[in-house]
Amino acid sequence: MVQTTHYYSLKIKEVAKANMAKAFVFFSLLLLQTLLIMIIATSHVHGMFQLKEATIDEIQSAFARNEITSKHLVKLYKDEIFKRNPILRGVSDLNPDAEFEAEKADEERLAGKRGTKLSGIPVLVKDNIDFKKKKMSTTAGSYALLGSVVAEDAFVVKKLREAGAIILGKATLKQWNGFRSYNMPGGWSAYGGQGKNPYNLSNEVCGSSSGSAISMAANFATVSLGTETDGSIICPAAYNSIVGIKPTVNLTSRSGVIPISLRQDSVGPMARTVEDAVYVLDVIVGKDEKDEGTVNASKHIPEGGYAQYLNPRGLQGKRLGILRYPDSFNNFPENSVENATYQQLFQIMRDQGATLVDDIVIEKTEEIYENEMIALLAELKRDLNSYLANLVSSPMRSLTDLIIFNYKHYVLEKIIEYPQDMFLDANKFDGISKEVQEAISNLERLSKDGFEKMMKEKKLDALIYVGQKLVPFLAVGGYPAITVPGGYNNENMPLGVSFGGLKYSEPTLIEIAYSFEQATKKRRPPPDDVIILQVPQGRSSRAARFNKY
């Protein structure tokens, strides 16, 4: 009897232990399930959506799977800006209504409204592009325009918003598009501060669309807009390891854009991939009755848009010229990392079916520079005066007003460090004189007899050049270009590969650039240890201003 009781006592203990173990496992699984549900409910990024390097297609897929909302996406980008922008200075202002506008996009999507590729996508626009919003100004990087009121959104911003994009804010720039001072560093403005390269804080960012490039490299938004007169999209894009497209002049409207020259200015997309840049290009091109140049140019937009030319085999059968002079691939020593990288990239192009024609030379570049500067200074005064005169509210109505403001506020605008000598030279012109007309005629002749003639004689589809180098013959003729990341040097500085072509050759350039990108996949995000992730003590007013959003 005692033995039997002892036996059953042991059995009961064993069963109890087993049940306790089962209960522990059950409750552990229940707890784990609850935690997973909480994680899914409260976070859209852990284990699923990844913000860093997210493309438009990836974001739209995440929207469709309810992994993230546009409103939460805006918050994530703002978090990145709060953490990194005090150092990088890529963003000058945030749209106070961005989250509300994103929430409306989410509601429309849930209601089944069919959107576009850009629906709910956060976009930054360069701070020379008008965005009509309370508490925001278009400043061109100067305190002179702080508080000014624009009549309406720039045409390209209207197009973005009609496509459902969310304007997240304004990107910094080299002040006045780089045309105030001959010795102003790339990426600096009084209002935005000194932009920094996310790959190497001590190195060049280039300009003038520096903030748009910095912000793309640092993942501050999905895509951005820049403007170019001579290298201002291509150069900063190359220096910051992103994609930049400078469209043929007049394909994109300049109405509502602070100008240098309507003859040379172009608005273009900046992004981390060719595909994303092309999606934006498809939205912003088109006829604008307020910009006469777009009327004829719009006839050259291909039916079905530009995205159809995202061809991974786009290099096949293409004939490409390697620019050696002026100021391109010949500048790198034979045993340098740069030279080795570019030689490898050339071989990849050949392996993808392209024919490369070496030793391309463009003559008379000094003559181009001289005539371009005469024309641009005169056009700056004319076109900037026109823009200022059309502001709804601003004490600044002319270039003369800006010059006086700078002298009165010389500390704020750093006039001693960066004199306004370009403004002063521009203000000497009185309209488009005979001298200026002659300079413009010379530029037209040099374009036709130089770049155009060479392209036709060599039967080239595109010209390859170093993205960091300015090539004025593309600028003065209004020709398009695309730059794509090509690698990095020993100092972790990006190396860009750029492709330039004849007017309206965007379809061919997109095929080449996309095929090159897919064959090389050279872009990588900046290393976190380069960028200080915590806002420093004693934050500047620029950083503090973001706190209200």
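Here, residues in each chain are numbered from 1, in the same order as that chain's written sequence. Local features in this predicted model are restricted to residues whose pLDDT is 70 or higher, and side-chain atom pairs enter the listing and the counts only when it is 80 or higher, whereas totals over whole chains, interfaces and linings include all residues. In computing side-chain values, all of the structure's heavy atoms are included and hydrogens and water are not.

**Student:** Could you give an account of the overall build of the protein chain, naming the residues involved and the relevant values?
**Tutor:** In terms of helices and strands, the protein chain carries 17 helices and 13 strands. Out of the 549 residues in the protein chain, the part that is buried amounts to 58%. Any two residues having at least one pair of non-hydrogen atoms within 4.5 Å are treated as being in contact. Contacts spanning at least 24 positions in sequence make up 77% of the contacts within the protein chain whose residues lie at least 6 apart. The Shrake-Rupley method, run with a 1.4 Å probe sphere, supplies the accessible areas, and residue values consider only the shown protein chains as cover. Of the roughly 23,500 Å² that the protein chain leaves accessible, carbon and sulfur atoms contribute 53%. Secondary structure counts use DSSP, requiring at least four H or I residues in a row for a helix and at least two E residues in a row for a strand, with both numbered from the N terminus. Per-residue accessibility, obtained with a 1.4 Å probe over protein chains only, is compared with the maximum for each type, and a residue is labelled buried under 20%, exposed over 50%, and partly exposed between these values.

**Student:** Tell me about the pattern of salt bridges, and name the residues and values.
**Tutor:** In the sections that follow, a salt bridge refers to a side-chain nitrogen of Lys or Arg positioned within 4 Å of a carboxyl oxygen of Asp or Glu. What the rule picks out here adds up to 28 salt bridges. Where E103 meets K71, a salt bridge forms, and the shortest distance between an N and an O atom there is 3.8 Å. Of the two residues, E103 is situated in helix α4 (residues 98–110) and K71 in helix α3 (residues 70–88); the sequence distance between them amounts to 32 residues. According to the relative accessible area criterion, K71 is partly exposed, its value standing at 25%. The closest approach of N and O atoms between R254 and D291, which form a salt bridge, is 2.7 Å.

**Student:** Quick rundown of empty space enclosed by the protein? Include the residues and the values.
**Tutor:** Here a cavity denotes grid points, spaced 1 Å and computed from the protein atoms alone, that fit a 1.4 Å probe unable to get out, and a pocket denotes an open set having protein on both sides within 12 Å along at least 5 of 7 lines; residues with an atom within 4 Å of a point are the lining. Grid points are joined across faces, edges and corners, and a volume is the space filled by probe spheres set on the points. Here the structure, examined in full by the defined rule, presents 3 cavities of 30 Å³ or more. Of the volumes computed, that of the largest cavity is approximately 70 Å³. Taken together, E228, D230, G231, I234, C235, Y465, G467, K469, L470, V471, L474 and A475 make up the lining of the largest cavity. Going through the elements one at a time, α7 (234–239) and α15 (472–476) are the ones with two or more residues in the lining of the largest cavity. As a working rule, the residues Ala, Val, Leu, Ile, Met, Phe, Trp, Tyr, Cys and Pro are called nonpolar, Asp, Glu, Lys and Arg charged, and the rest polar, with Gly in that last group. The residue inventory of the lining of the largest cavity, partitioned by class, reads 7 nonpolar, 2 polar and 3 charged.

**Student:** I'd love a proper account of the state of the cysteines, names of residues and values included.
**Tutor:** To count as a disulfide, a pair of cysteine sulfur atoms needs to be within 2.5 Å. Scanning all chains against the criterion turns up 1 disulfide. In this model, C206 is linked to C235 through a disulfide, with the two sulfur atoms separated by 1.9 Å. One disulfide, between C206 and C235, carries an S-S torsion of 105° and so falls in the right-handed class. A residue pair is termed long-range when its members are at least 10 positions apart, and C206 in the loop between β5 (193–194) and α6 (210–217) and C235 in helix α7 qualify at 29 residues. Taken as a pair, C206 and C235 share a single burial class, namely buried.

**Student:** So what about the packing of helix α5 (residues 155–162) against helix α8 (residues 274–284)? Which residues, and what values?
**Tutor:** It is the contact of α5 with α8, at a shortest axis distance of 8 Å, that shows an interaxial angle of 110°. On the basis of the axis angle, α5 is roughly perpendicular to α8. Considering only the axes of α5 and α8, their crossing is right-handed. Of the residues in α8, those touching α5 at V156, K159 and L160 are V280, V283 and I284. To obtain an axis, a line is fitted to C-alpha atoms, over the contacting stretch when the element is a helix, and the angle between two such axes runs from 0 to 180 degrees between their N-to-C directions. The scheme is simple: roughly parallel for angles under 35 degrees, roughly antiparallel for over 145, roughly perpendicular for 65 to 115, oblique for anything else. If you view the pair so one helix is near and one far, a crossing is left-handed when the near helix is turned anticlockwise from the far one by less than a right angle, and right-handed when it is turned clockwise.

**Student:** Tell me about the environment of E511, and please be specific about residues and values.
**Tutor:** Tracing the chain through its elements places E511 in helix α16 (residues 506–520). When the C-alpha positions of E511 and V274 are compared, they lie 9.7 Å apart, and in sequence the two are 237 residues distant. Residues within four places of E511 in sequence aside, it is in contact with Y309, N311, G314, L315 and K318.

**Student:** Explain a nonpolar patch on the surface to me, using residue names and the numbers behind them.
**Tutor:** A cluster of nonpolar side chains, Y410, V411 and I416, forms an exposed patch at the surface whose accessible area comes to about 350 Å². Within the fold, V411 resides in the loop between α12 (399–408) and α13 (421–427). Note on V411: relative accessible area 61%, which makes it exposed. Patches here: salt-bridge-free residues with over 30% relative accessible area, like charges joined within 9 Å, nonpolar side chains (Val, Leu, Ile, Met, Phe, Trp, Tyr) joined within 5 Å.

**Student:** I'd like a rundown of α12, residues and numbers included.
**Tutor:** What α12 keeps buried is the set L399, L402, I403, F405 and N406. Along the axis of α12, the buried residues cluster in a sector spanning 160°; they form a single face. At its buried positions, α12 is contacted by α11 (365–389) and α13. This arc describes the spread of directions from the helix axis toward the C-beta atoms.

**Student:** Report on the nonpolar core, specifying residues and quantitative values.
**Tutor:** Throughout, nonpolar core names a set of buried Ala, Val, Leu, Ile, Met, Phe, Trp, Tyr and Cys residues whose side chains join them through atoms within 4.5 Å. In this structure, L160, M349, I464 and F499 are the most contacted members of the largest nonpolar core, which totals 95 residues. Considering each element in turn, this core owes the most residues, 8 residues, to α8. Excluding residues within four positions of it along the chain, I464 makes contact with L320, G321, I322, L323, F329, F346, M349, L356, V497, S498 and F499. In this structure, F179, V357, Y387 and L399 belong to the second largest nonpolar core, which totals 48 residues.

**Student:** Break down helix α14 (residues 434–457) for me, with residues and values.
**Tutor:** Taking 1.5 Å as the rise per residue, α14 with 24 residues should run 34 Å; its terminal C-alpha atoms sit 33 Å apart, in good agreement. The largest bend in α14 amounts to roughly 30° and is located at S447. Along α14, the residues classified as buried are V436, A439, I440, N442, L443, L446, S447, G450, F451, E452, M454 and M455. Within two residues after α14, K459 carries a phi angle of roughly 55°, on the positive side. Here a helix's expected span is defined as the number of its residues, less one, multiplied by 1.5 Å. For a residue, the bend is simply the angle between two axes, fitted respectively to the seven-residue segment ending there and the seven-residue segment starting there.

**Student:** Break down the side chain of K246 for me, citing the residues and quoting the values.
**Tutor:** Mapped onto the fold, K246 is located in strand β7 (residues 243–246). Charged residues are defined here as Lys and Arg on the positive side and Asp and Glu on the negative side; His and the ends of the chain fall outside this count. Despite its burial, K246 pairs with no opposite charge; the closest candidate is E228, at 4.6 Å N-O. Polar contact is defined as a pair of N or O atoms within 3.5 Å, subject to the rule that within protein one atom must be able to donate a hydrogen and the other to accept it, and that residues adjacent in sequence are counted only when both atoms are side-chain atoms. At 2.7 Å, the side chain of K246 forms a polar contact with the backbone oxygen of Y479. Not counting residues up to four positions away in its chain, the partners in contact with K246 are E228, I233, I234, S266, L474, A475, G478, Y479, P480 and A481.

**Student:** Which residues make up the environment of N489, and what values do they have?
**Tutor:** Inspection of the secondary structure puts N489 in the loop between β12 (481–488) and β13 (494–500). Judged by its relative accessible area of 17%, N489 falls in the buried class. Residues N489 and N339, spaced 150 residues apart in sequence, show a C-alpha to C-alpha distance of 9.8 Å.

So far we have only geometry, and geometry alone does not tell us how the molecule works.
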